[in-house]
Amino acid sequence: MQNRKVLRVVAGVVKKDGKILLTQRYDKGDETGLWEFPGGKVETCETDSDAICRELEEELAIQVEVVSPLIETLHHYPDKSILLCSYECQWISGSILLRCHQKMAWVEPEKLLDFELSAADVPVVRMLAG
Ligand SMILES: Nc1nc2c([nH]c(=O)n2[C@H]2C[C@H](O)[C@@H](COP(=O)(O)OP(=O)(O)OP(=O)(O)O)O2)c(=O)[nH]1
């Protein structure tokens, strides 16, 4: 595990009216059916901000501006290791279309832990829940 490559994954924490956007992965593929923050893998030559803006456009059809970094969490899944880099984002334009997720929810910070989350997201959510 020590020598395996760590994937850099960005997660956008989009807030609206005091609630935070969570999306649910499909019942197939990685982290099946679990809730997460929208985002994805950072591509070569891309900044984290570029990756967030691209992923939220691709996955949800919304345009966001990255406001500030939150926390980075290293998590080892059985098949891969990821460094999850979370950022607070401001929604600029667009209406949400679920292109890559089965569900979405706007969640009060204190209720985030009620959702079945990808394991790497738990420290992020603990921080947001206060
Ligand atoms: N997007 C996202 N991925 C997360 C979170 N937490 C977490 O463990 N992951 C994992 C799930 C995946 O194994 C990996 C990111 O993969 P992804 O499938 O979202 O990335 P991508 O959009 O670039 O997808 P692809 O090119 O492989 O289709 O990180 C999270 O909050 N958001």
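Residues numbered from 1 in each chain as written. Predicted model: local features only at pLDDT ≥ 70, side-chain atom pairs only at ≥ 80, totals over all residues. Heavy atoms only, no water.

- The protein goes by 8-oxo-dGTP diphosphatase in an unreviewed UniProt entry, where it is assigned to Veronia pacifica.
- Quoted verbatim from the Sequence similarities (unreviewed entry) field of UniProt, the annotation for the protein is "Belongs to the Nudix hydrolase family." (UniProt positions renumbered as here; feature names shortened; annotations may be inferred.)

Regarding the packing of aromatic side chains
Alright, step 1. Tallied over the full model, the rule gives two aromatic pairs.
Alright, step 2. When the ring of tryptophan 35 is compared with that of phenylalanine 115, the centres are 5.0 Å apart and the planes differ by 75°; the resulting orientation is edge-to-face. Residue tryptophan 35 is located in strand E3 (residues 35-36), and its partner phenylalanine 115 is located in the loop between strand E7 (103-107) and helix H2 (122-129); the two are separated by 80 residues in the primary sequence.
Alright, step 3. Residue class for phenylalanine 115 comes out partly exposed when judged on its relative accessible area of 25%.
Alright, step 4. Taken together, a centroid distance of 5.8 Å and an interplanar angle of 10° make the contact between tryptophan 91 and tryptophan 106 stacked. Linking tryptophan 91 in strand E6 (residues 81-93) with tryptophan 106 in strand E7, this pair joins segments that are 15 residues apart in sequence. (Phe/Tyr/Trp six-rings, centres within 6.5 Å; stacked < 30°, edge-to-face > 60°. Helix = DSSP H or I, 4+ residues; strand = E, 2+ residues; numbered from the N terminus. Buried < 20%, exposed > 50% of the residue type's maximum accessible area, 1.4 Å probe, protein only.)

Thoughts on the nonpolar core
Alright, step 1. With 18 residues, the main nonpolar core has Ile20, Leu22, Phe37, Ile82, Leu84, Leu112 and Leu128 as its most contacted residues.
Alright, step 2. Within the residue set of this core, elements represented by two or more residues are strand E1 (6-16), strand E2 (19-24), E6, E7 and H2.
Alright, step 3. Once you skip the residues sitting within four places of it in the chain, phenylalanine 37 turns out to touch Ala11, Gly12, Val13, Ile20, Leu21, Leu22, Thr23, Asp121, Val124, Val125 and Leu128.
Alright, step 4. Ranked by size, the runner-up nonpolar core spans 14 residues in total, among them Val10, Ala51, Leu60 and Tyr87. (Core = buried A, V, L, I, M, F, W, Y, C linked by side-chain atoms within 4.5 Å. Contact = heavy atoms within 4.5 Å.)

With respect to the UniProt feature "domain: Nudix hydrolase" (unreviewed entry) in the protein
Alright, step 1. In the numbering adopted here, UniProt assigns the feature "domain: Nudix hydrolase" (unreviewed entry) to residues 4-129.
Alright, step 2. Structurally, residues 4-129 comprises 17% helix and 43% strand, and the distance from its first C-alpha atom to its last is 32 Å.

Brief notes about the side chain of aspartate 121
Alright, step 1. Checked against the element boundaries, aspartate 121 lands in the loop between E7 and H2.
Alright, step 2. For aspartate 121, the residues in contact, after removing those within four places along its chain, are Glu36, Phe37 and Leu84.

Regarding the pairing of E6
Alright, step 1. Where E1 meets E6, nine bridges bridge the pair, whose relative direction is parallel. Looking at E6, one finds that leucine 7 is bridged to isoleucine 82.
Alright, step 2. As paired strands, strand E5 (residues 63-76) and E6 are joined by 11 bridges and run antiparallel to one another. Within E6, the residue paired with valine 64 across the bridge is tryptophan 91. (Pairing = 2+ DSSP bridges.)

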